[in-house]
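Chain by chain, the residues run as shown.
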Amino acid sequence: MNIVVLVKLVPDTYSERKLSDTDHTLDRDSADAVLDEINERAVEEALQLKEAHGGEVTALCVGPDRAVDAVRKALQMGADKAVHVSDAALHGSDVITTAKVLAKAVGTIDGVDLVIAGNEASDGRAGAVPAILAELLGLPQLTHANKVTVEGDTITVERATDDGVLHLQATLPALVSVSEKINEPRYPSFKGIMAAKKKPITTLTVADLGLDPAGVGLSGAWTAVLEAAPKPPRTAGERVEDNGDGGTKIAEYLVGQKLI
Amino acid sequence: MSEVLVLVEHVDGEVKKATFELLSAARRLGEPAAVVVGAVGTASKVKDALARYGATKVYVAESDDAVNYLVTPKVDALATLAGRVSPAAVLISASLEGKEVAGRVAVRIDSGLLVDVVDVERSGDDVVGTQSIFGGGFVVKSKVSTGTPVITVRPGAVEAEAAEAVATEETVELPAVDPARATRITSREPAVAGDRPELTEASVVVSGGRGVGSAENFAVVERLADALGGAVGASRAAVDSGYYPHQFQVGQTGKTVSPQLYIALGISGAIQHRAGMQTAKTIVAVNKDAEAPIFEIADFGVVGDLFQVAPQLTEEVTKRRG
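Residues numbered from 1 in each chain as written. Chains lettered and ligands numbered in written order. Predicted model: local features only at pLDDT ≥ 70, side-chain atom pairs only at ≥ 80, totals over all residues. Heavy atoms only, no water.

As annotated in an unreviewed UniProt entry, chain B carries the name Electron transfer flavoprotein alpha subunit apoprotein and comes from Goodfellowiella coeruleoviolacea. Recorded under Function (unreviewed entry), the UniProt text for chain B is reproduced unchanged: "The electron transfer flavoprotein serves as a specific electron acceptor for other dehydrogenases. It transfers the electrons to the main respiratory chain via ETF-ubiquinone oxidoreductase (ETF dehydrogenase)." According to UniProt, the comment filed for chain B under the heading Subunit (unreviewed entry) is "Heterodimer of an alpha and a beta subunit." (UniProt positions renumbered as here; feature names shortened; annotations may be inferred.)

Going by what an unreviewed UniProt entry lists, chain A is known as Electron transfer flavoprotein subunit beta and is assigned to Goodfellowiella coeruleoviolacea. Turning to chain A, the UniProt annotation filed under Function (unreviewed entry) states: "The electron transfer flavoprotein serves as a specific electron acceptor for other dehydrogenases. It transfers the electrons to the main respiratory chain via ETF-ubiquinone oxidoreductase (ETF dehydrogenase)."

Right, here's the structure in full:
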């Protein structure tokens, strides 16, 4: 079974994030970058399916040059090869453009049976890229999976949401996005780290994918930012020491605010 | 005035609160037209409630397939209608499924997508959405420059206001399902509906952090939440320590909430957590550490032991609610 797993480098959520002053895009240099946690789970699931059914795992990443770190981590964990789409023209791409580029890039990989993604990248939080990708590739979407099972060309998934669990079924080829709960990702072994150095990474530009560079990135986005401003920070209000009446004081405050 | 399509979220014949918020937002942009996708007989159950919040039209796409396939029936219904009525906008709740539906509708009708807006307004011919990103650190106003604006609206961000209208009903035929592209729902295990409101919809959220100390101690948080009729949340530190289940995590890698009142118990207030709650209208914090960053954003803070303060507050609230 040939699997493409989408990986992405995101700013660390424990560091401060901001928008660049000039064009309202994410200032990716201002924050530490890490492989999105959920992507590691996506890679893990791809590797487990490969171990059970054979085939090949390709890590796919769209992002600036340093996003190659995300690809390398996936290779260290055990992916066989990687495709990295890197092009200055992509700067400022919105979710739809990103999905279109991903769809084209998946198209460069032969005989794909399954595309696996994380369910929501923590920077854009659009939560829609896997679904849009399924729409563009014409694949059934089995998103927010807690559990994935493949038998023959039938794939079944447990989709867990706040509304409960849905049992889903579709025919391969298909697209899956995985949830936080699906597995515990492995750490790359020393052997894996050494082996990764020899694994092939294909680097592609937007033109290589047959897309018009003017149609992607900020200029090609179908949405336009009119204005962006840092929100004035919340200011600290009243603070009291608890002298045995802290709870009562909160209650009085809430009554004053008409909250109870 | 152009119609504004609103995708209705419903469970067992009950319309979710987020849908009333969408209808209220839609009234600012045009004529709210509710789109009901579900089992046969659903629309007759929800129509009156939709009209009460201003829906002048109810589009009905009812069939077995509408229930038995994931996401795509809703996309089919909205894309079909968008082609037919050229709406001013399509509004969908920024729920987990809503985001997926919206993304697919947008690419299918070649239109721009605004995600997770907290406000929406008309500015001349444009529909402008306000987004609060990076956990409320930045406020961004955007518009869709291509096609029909497809917008997901964060639950709880826009107030639901009743506005009685008379709704006319119109049927929408869904296209036949393509089994190679669709995902079948083979069975459902509905979540056991607790007595507490849903975290993202609750007007009061009481959250516990590392300071709560154990899973058993979370009862203190729960009792206060119940006294206030609120939902229970947890910080990432509390979830990672196994005190409370992940689905209740508030923060950058969990849920984003904007309730009227947020009470943080034993939460230090790391950026990771603040990102999920700092758009709350009022924030109250209780922490032993006077230097905890949560106090920098709290409207009212008590430096003290949450195991003393919270039960006392629970008692006061219960007394006043009588």
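(A) Up close: the overall build of chain B. Along its length, chain B carries ten helices and 17 strands. Taken along its principal axes, the extent of the C-alpha atoms in chain B is 60 × 45 × 40 Å. Residues classed as buried in chain B amount to 59% of the 322 residues present. For chain B, the share of sequence-separated contacts (at least 6 apart) that also reach a separation of at least 24 residues comes to 66%. With an accessible surface of roughly 12200 Å², chain B has 46% of that area assigned to carbon and sulfur atoms. In chain B, 31 positive and 41 negative side-chain charges are present, and the distance between their average locations comes to 2 Å. (Helix = DSSP H or I, 4+ residues; strand = E, 2+ residues; numbered from the N terminus. Buried < 20%, exposed > 50% of the residue type's maximum accessible area, 1.4 Å probe, protein only. Contact = heavy atoms within 4.5 Å. Areas by Shrake-Rupley, 256 points an atom, 1.4 Å probe, with all protein chains shown as cover. Lys, Arg positive; Asp, Glu negative; His and termini not counted. Charge placed at Lys NZ, Arg CZ, Asp CG, Glu CD.)

(B) Structural context of the interface of chain B and chain A. Each partner contributes to the interface: chain B provides 87 residues, whereas chain A provides 76 residues. For Glu-135 of chain A, the salt bridge identified is with Arg-104 of chain B, shortest N-O distance 2.7 Å. Counting across the interface, chain B meets chain A through 37 residue pairs in polar contact (both at pLDDT 80 or more). (Salt bridge = Lys/Arg side-chain N within 4 Å of Asp/Glu carboxyl O. Polar contact = N/O pair within 3.5 Å; in protein donor to acceptor, adjacent residues only side chain to side chain.)

(C) Fine view of the packing of aromatic side chains. Overall, the coordinates contain four aromatic pairs over all chains when judged by the stated rule. Considering the side-chain rings of Tyr-253 of chain A and Phe-300 of chain B, the 4.7 Å spacing of their centres and the 20° angle between planes classify their relative orientation as stacked. Within this pair, whereas Tyr-253 of chain A is found in helix 7 (residues 246–256), its partner Phe-300 of chain B is found in strand 17 (residues 300–303), the two belonging to separate chains. Between Phe-20 of chain B and Tyr-53 of chain B the ring centres are 4.0 Å apart and the planes differ by 20°, which places this aromatic pair in the stacked class. With Phe-20 of chain B in helix 1 (residues 17–27) and Tyr-53 of chain B in the loop between helix 2 (42–52) and strand 5 (57–62), the pair connects residues that are 33 residues apart, well separated along the chain. Note on accessibility: Phe-20 of chain B and Tyr-53 of chain B belong to one class, buried. Stacked on the ring of Phe-295 of chain B, the Lys or Arg Arg-239 of chain A has its end atom at 5.3 Å from the ring centre. (Phe/Tyr/Trp six-rings, centres within 6.5 Å; stacked < 30°, edge-to-face > 60°. Lys NZ or Arg CZ within 6 Å of the ring centre and 35° of its normal.)

(D) Representation of the sheet that holds strand 10 (residues 174–178) of chain A in the model. Strand order across the open sheet formed by ten strands is 11(A)-5(A)-4(A)-1(A)-6(A)-10(A)-7(A)-8(A)-9(A)-12(B), with mixed pairing between neighbours. Strand pairing shows two members of the sheet lacking a second neighbour, strand 11 (201–204) of chain A together with strand 12 (184–190) of chain B, which therefore form its edges. Averaged over all pairs of adjacent strands, the angle between strand axes in this sheet comes to 25°, irrespective of strand direction. Pairing between strand 6 (residues 114–118) of chain A and strand 10 of chain A: five bridges, direction parallel. The residue of strand 10 of chain A that forms the bridge with Val-115 of chain A is Leu-175 of chain A. Against the sheet, helix 3 (residues 95–107) of chain A touches strand 1 (2–7), strand 4 (56–62), strand 5 (81–85) and strand 6 of chain A, its axis set at about 150° to strand 4 of chain A. (Pairing = 2+ DSSP bridges. Axes fitted to C-alpha atoms, helices over the stretch in contact; angles between N-to-C directions.)

(E) The packing of helix 4 (residues 129–137) of chain A against helix 5 (residues 96–108) of chain B, seen in detail. The interhelical angle for the contact between helix 4 of chain A and helix 5 of chain B, taken along N-to-C directions, is 40°, at an axis separation of 8 Å. Where helix 4 of chain A crosses over helix 5 of chain B, the handedness of that crossing is right-handed. Residues Ala-131, Ile-132, Ala-134, Glu-135 and Leu-136 of chain A of helix 4 of chain A form the contact with helix 5 of chain B, whose own contacting residues are Glu-100, Gly-103, Arg-104, Val-107 and Arg-108 of chain B. Counted by class, the contact of helix 4 of chain A with helix 5 of chain B contains five nonpolar, one polar and four charged residues. (Left-handed = near helix turned anticlockwise from the far one by under 90°. Nonpolar A, V, L, I, M, F, W, Y, C, P; charged D, E, K, R; others polar.)

(F) Structural detail: the environment of Gly-156 of chain B. Residue and element names in this part refer to chain B. Mapped onto the secondary structure, Gly-156 falls in the loop between strand 10 (150–153) and strand 11 (168–171). Residue classification places Gly-156 among the partly exposed positions, given a relative accessible area of 27%. For the pair Gly-156 and Ser-63, spaced 93 residues apart in sequence, the C-alpha to C-alpha distance is 30 Å. Leave out the neighbours within four places in its chain, and Gly-156 touches Glu-21 and Ser-258.

(G) Quick peek at the domain arrangement of chain B. Taken as a whole, chain B is organised into domain 1 (3–181) and domain 2 (199–321). One C-alpha centre belongs to domain 1 of chain B, the other to domain 2 of chain B; they are set 32 Å apart. (Domains from an automatic or database assignment.)

(H) The sheet that holds strand 7 (residues 113–123) of chain B, seen in detail. Read across the open sheet, the ten strands follow the order 12(A)-9(B)-8(B)-7(B)-10(B)-6(B)-1(B)-4(B)-5(B)-11(B); overall the sheet is mixed. Where the open sheet ends on each side, the last strands, each with one partner, are strand 12 (223–230) of chain A together with strand 11 of chain B. Ignoring strand direction, the axes of neighbouring strands in this sheet form an average angle of 35°. Bridge count for strand 5 of chain B against strand 11 of chain B is four bridges, and the pairing is parallel. Across the sheet, residue Lys-57 of chain B finds its bridge partner in strand 11 of chain B, namely Thr-168 of chain B. Across the sheet, helix 1 of chain B lies against strand 1 (3–7), strand 4 (31–38), strand 6 (89–93), strand 7 and strand 10 of chain B, angled at about 170° from strand 1 of chain B, the strand it touches most. Contacting strand 1, strand 4, strand 5, strand 6 and strand 11 of chain B, helix 4 (residues 72–85) of chain B runs over the sheet at an angle of about 175° to strand 1 of chain B.

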